Amino acid sequence: MNPTLFDQLSKLPERYKTMSTKEMEARVRAIKQQLGEELFIPGHHYQRDEVIQFADATGDSLQLAQICADNTSAKHIVFCGVHFMAETADMLTKDDQIVYLPDMRAGCSMADMATIEQTDITWQYLQQLFGDTIVPLTYVNSTASIKAFVGKHGGACVTSSNAVKMVEWAFTQKPRLLFLPDQHLGRNTAFSLGVPLEHMAVWDPIREKLEYDGELEDVQVILWKGHCSVHEGFNKWHIDDIRKNDPDMRVIVHPECSHDVIQAADDNGSTKYIIDTIESAPTGSRWAIGTEMNLVKRLITDHPDKHIISLNTNMCPCLTMNRIDLQHLLWALETIVEGGRGNVITVDADTTAQSIHALERMLQFAK
Ligand code: 13P
Ligand code: SF4
């Protein structure tokens, strides 16, 4: 993105840069009280503590999508998460509900790795190669246009919480699946269901090339060559170090990590699964967690009776999740109270109509 335009997208007024934390917190509290049920603030688990303290509901991607779909009364939904989550919330809520993203720069580098233009080219190529044998699945971490594409072609959205069920579903539809945009979640999920690595090809959208050595008829899964820049920061050697230095420590990671990390870890699962596992772990247990740092820090604070570290001790929070801070939250809320329309996320009607098919299939497998 052009850096000048990128910087302009925040546009945070100067006054918020000098305001004390105490004052900002007091103002957020007052606005929440003033707007009451009209205002709803969902917060993803990867958000900063200074923001999550004001969330009316917290959750992972799947939970927040469900929660937004269920909320038919709030007029203003101030989404504390990233752009694709706010788009999903807009598509799942009623037309008279307005979704805001406090900082428009809160994108997702993984979602940006699959554009609709690339996806159209890919689909044509794959149809020529494999005929009508493919169902597309997209991780919910993707733009609304990709969700619409998937909905239009009989596919579904997936989150890390229901990926296994969705991949199982996909194989009831067609013998092959295209998984966008996270190759790791696609590979790890298909592998856990018994698809051998030799039956998985990788589509490189930059070189427009299918990376595969075997016989084409053996291909069951086509993985889009995208990844999460946060979860790719965990390596197998981090786990090897822990095994050597602290053999009693258990390693749990998110399935956006690479396949060798998943194989070396003791356990893996979605954000919700990781939280639930740590909550139910015995006092005194020792954990190395391979996921986003704001969440790992919160788990450390919330569970002083357990010894918890990040699997990569040099890990930073997700840069884009972190863009939503107290200043931007307050600015978004004050804009609403003043009757302004800043930072509104709107997905057009056609895109929404097609995406809804893909999202509803995902929500059917939410439990
Ligand atoms: P979940 O919330 O589905 O675990 O996804 C993790 C993530 O990377 C969100 O951006
Ligand atoms: Fe995107 Fe990864 Fe950040 Fe999630 S953690 S928003 S997938 S970059």
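Residues numbered from 1 in each chain as written. Chains lettered and ligands numbered in written order. Predicted model: local features only at pLDDT ≥ 70, side-chain atom pairs only at ≥ 80, totals over all residues. Heavy atoms only, no water.

- Per an unreviewed UniProt entry, the protein goes by the name Quinolinate synthase and belongs to Candidatus Kurthia intestinigallinarum.
- Per its UniProt entry, the protein bears the Sequence similarities (unreviewed entry) comment "Belongs to the quinolinate synthase family. Type 3 subfamily."
- One UniProt comment on the protein, placed under Catalytic activity (unreviewed entry), says "iminosuccinate + dihydroxyacetone phosphate = quinolinate + phosphate + 2 H2O + H(+)". (UniProt positions renumbered as here; feature names shortened; annotations may be inferred.)

### Remarks on the UniProt feature "binding site: [4Fe-4S] cluster" (unreviewed entry) in the protein
1) Next: The residues that UniProt annotates with the feature "binding site: [4Fe-4S] cluster" (unreviewed entry) are C108, C228 and C318. The greatest C-alpha distance among the annotated residues, which extend across 211 residues, is 9.6 Å, indicating that they converge on a single site.
2) Next: Once you skip the residues sitting within four places of it in the chain, C228 turns out to touch M110, D182 and E256.
3) Next: Among the secondary structure elements, C318 is positioned in the loop between strand 15 (307-310) and helix 15 (326-337).
4) Next: Given the relative accessible area of 15%, C318 is considered buried. (Contact = heavy atoms within 4.5 Å. Helix = DSSP H or I, 4+ residues; strand = E, 2+ residues; numbered from the N terminus. Buried < 20%, exposed > 50% of the residue type's maximum accessible area, 1.4 Å probe, protein only.)

### Digging into the side chain of T138
1) Next: Structurally, T138 is set in strand 6 (residues 134-139).
2) Next: Judged by relative accessible area, T138 falls into the buried class, the value being 0%.
3) Next: Filtering out sequence-adjacent residues up to four positions away, T138 remains in contact with I146, K147, V150, A156, C157, V158, L180 and P181.

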